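So you can see what is in the structure, the chains are spelled out below.
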Amino acid sequence: MSQKNVVKVEIYGVDYIIKGDADSEYITQLAKYVDTKVREIVTATGMVNMSKITILAALNIADEYFKLKQAKEAKELQKTSNLLSMLDSAGIE
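On to the overall build of the protein chain, then. Within the protein chain, the secondary structure is distributed over two helices and two strands. Listed by position from the N terminus, the elements making up the protein chain come as β-β-α-α. The C-alpha radius of gyration of the protein chain comes to 21 Å, more than 25% above the 12 Å expected for a compact globule of 93 residues. Expressed as lengths along the three principal axes of its C-alpha atoms, the size of the protein chain is roughly 65 × 45 × 15 Å. Counting all 93 residues of the protein chain, 14% fall into the buried class. For the protein chain, restricting intrachain contacts to residue pairs at least 6 apart in sequence, the fraction spanning at least 24 positions comes to 22%. Accessible surface for the protein chain amounts to roughly 7,600 Å². Of this, 58% is attributable to carbon and sulfur atoms.

Shown next, in the form of structure tokens:
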């Protein structure tokens, strides 16, 4: 059974203890990224309601994820299309 890493991180001035299988440095990087997103939301909106701030940060992160996922899928589709075109040009069915 693998041992869980326990990492203390800070997000927008609040300390959290995170337990996970991932490397401690990776967990710290994730927390720093979330902290950055939360701070961006606060700066952009001036909001003080932490629940709303964290939901907006989560939505922004989800938006980034979905855009990257769509771009990756489009790139893979383009590669497949290019390969099919090459096969078609070569007369291979």
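For the rest of this paragraph, the subject is helix α1 (residues 24-45). If you check α1, its first and last C-alpha atoms are 32 Å apart, about what 22 residues at 1.5 Å a residue would give, namely 32 Å. For α1, the complete set of buried residues consists of Ile27, Ala31, Asp35, Lys37, Val38, Ile41 and Val42. The buried residues of α1 all sit within an arc of 160° when viewed along its axis, so they share a single face. Summarising the geometry of α1, the exposed residues directed more than 90 degrees from the buried face are Lys32, Thr43 and Ala44. Looking at the buried side of α1, the elements it contacts are β1 (5-11), β2 (14-20) and α2 (50-89). Two or three places before glutamate 25, at the opening of α1, aspartate 23 has a side-chain oxygen 3.1 Å from that residue's backbone nitrogen. Downstream of α1 by a residue or two, glycine 46 has a phi angle that is positive, lying close to 75°.

Okay, the packing of aromatic side chains next. The tally for this structure, following the rule as stated, stands at one aromatic pair. Measuring from centroid to centroid gives 5.5 Å for tyrosine 65 and phenylalanine 66, while their planes differ by 80°, and the two rings are edge-to-face.

Even without being a glycine, tyrosine 12 presents a positive backbone phi close to 50°. Summarising the element assignment, tyrosine 12 is placed in the loop between β1 and β2.

In the contact formed by α1 and α2, the axes pass within 9 Å of each other and the chain directions differ by 115°. Considering how the two elements wind past one another, α1 and α2 form a crossing that is right-handed. Residues Tyr33, Val34, Lys37, Val38, Ile41 and Val42 of α1 lie in contact with α2, whose contacting residues are Met50, Ile53, Leu56, Ala57, Asn60, Ile61 and Glu64. Of the residues assigned to the contact of α1 with α2, the class counts are ten nonpolar, one polar and two charged.

This part covers the pattern of salt bridges. Scanning all chains against the criterion turns up seven salt bridges. Lysine 4 is the partner of aspartate 21 in a salt bridge, and the nearest nitrogen-oxygen pair spans 3.2 Å. On the criterion of sequence distance, the pair formed by aspartate 21 in the loop between β2 and α1 and lysine 4 in the segment before β1 is long-range, its members being 17 residues apart. Here lysine 67 makes a salt bridge to aspartate 63, at a shortest N to O gap of 3.2 Å.

Rules behind the numbers
- Residues numbered from 1 in each chain as written.
- Predicted model: local features only at pLDDT ≥ 70, side-chain atom pairs only at ≥ 80, totals over all residues.
- Heavy atoms only, no water.
- Helix = DSSP H or I, 4+ residues; strand = E, 2+ residues; numbered from the N terminus.
- Rg over C-alpha atoms; globule rule 2.2 N^0.38 Å.
- Buried < 20%, exposed > 50% of the residue type's maximum accessible area, 1.4 Å probe, protein only.
- Contact = heavy atoms within 4.5 Å.
- Areas by Shrake-Rupley, 256 points an atom, 1.4 Å probe, with all protein chains shown as cover.
- Expected span 1.5 Å × (residues − 1).
- Arc of directions from axis to C-beta.
- Polar contact = N/O pair within 3.5 Å; in protein donor to acceptor, adjacent residues only side chain to side chain.
- Phe/Tyr/Trp six-rings, centres within 6.5 Å; stacked < 30°, edge-to-face > 60°.
- Axes fitted to C-alpha atoms, helices over the stretch in contact; angles between N-to-C directions.
- Left-handed = near helix turned anticlockwise from the far one by under 90°.
- Nonpolar A, V, L, I, M, F, W, Y, C, P; charged D, E, K, R; others polar.
- Salt bridge = Lys/Arg side-chain N within 4 Å of Asp/Glu carboxyl O.

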